[in-house]
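Read off the chains here:
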Amino acid sequence: MWWDLLEFILTGCVGDEGMSGLNGQRIGYVRVNPVDQNDQGQLDGEVLDRIFTEEASGMDTDRPELVKMIRFVRDRDTVVVHSMDRLARHLEDLRSVVGRLTGKGVRVEFCKENLVFTEEDCPMATLMLSVLGALAEFDRSLIKERQREAIALARRRVVHPRSKRT
């Protein structure tokens, strides 16, 4: 499908030299919402040297384990994340975190999207990060909008204790 074509294009952007010589560690990053999620299955099957896990909202990048992970990784390491929205909810934050990591010579892999980003400047990779990040942000905005509408509707249906029922 189109993911295969995308992988081919991005692999071509990375090039052989971007994939070879990786002798750093594979570092996992797992973020779950503390209210209603668990980390089950996010990085199942991935061989990792270390995992940074936290229960936090993805609304900002000031998260203790994310900060520790960014400080911990070194040149030639690979950071493995289940999906883009686990790393950041907003496109600006996503691009910033990926840029900070790749700027240190760290490779960033997103399992769900089957995408890899390196320090090499590749217009197609930048486009895909921007497009998929924007779609994730848009999807989150729609979810929040529907949630606000449902709450408002529920409030209108509530019968106040002091009002008389007919």
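**Considerations on the overall build of the protein chain**
- Helices and strands together make up the secondary structure of the protein chain, namely five helices and five strands.
- When its helices and strands are written in sequence order, the protein chain yields α-β-β-α-β-α-α-β-β-α.
- Here the protein chain holds 166 residues, and 36% of them are scored as buried.
- Sequence-distant contacts, at least 24 apart, represent 64% of the contacts inside the protein chain between residues at least 6 apart.
- Looking at the protein chain as shown, the accessible area adds up to about 10600 Å², and 51% of this sits on carbon and sulfur atoms.

**Observations concerning the layout of surface pockets**
- The computed volume of the largest pocket comes to approximately 330 Å³.
- As for the largest pocket, its lining consists of 19 residues, and the residues nearest its centre are Asp-85, Lys-112, Glu-113, Leu-132 and Ala-136.
- Mapped by element, the contributors of at least two residues to the lining of the largest pocket are helix 3 (84-87), helix 4 (91-103) and helix 5 (123-157).
- No other element matches helix 5, which puts seven residues into the lining of the largest pocket.
- Looking at the lining of the largest pocket residue by residue, the classes come out as nine nonpolar, four polar and six charged.

Cut-offs used in this document
- Residues numbered from 1 in each chain as written.
- Predicted model: local features only at pLDDT ≥ 70, side-chain atom pairs only at ≥ 80, totals over all residues.
- Heavy atoms only, no water.
- Helix = DSSP H or I, 4+ residues; strand = E, 2+ residues; numbered from the N terminus.
- Buried < 20%, exposed > 50% of the residue type's maximum accessible area, 1.4 Å probe, protein only.
- Contact = heavy atoms within 4.5 Å.
- Areas by Shrake-Rupley, 256 points an atom, 1.4 Å probe, with all protein chains shown as cover.
- 1 Å grid on protein atoms, 1.4 Å probe; cavity = no way out; pocket = protein on both sides within 12 Å on 5 of 7 lines; lining within 4 Å.
- Points joined across faces, edges and corners; volume = space filled by probe spheres on them.
- Nonpolar A, V, L, I, M, F, W, Y, C, P; charged D, E, K, R; others polar.

It is worth stressing that arrangement in space is one thing and function is another; only the former is reported here.
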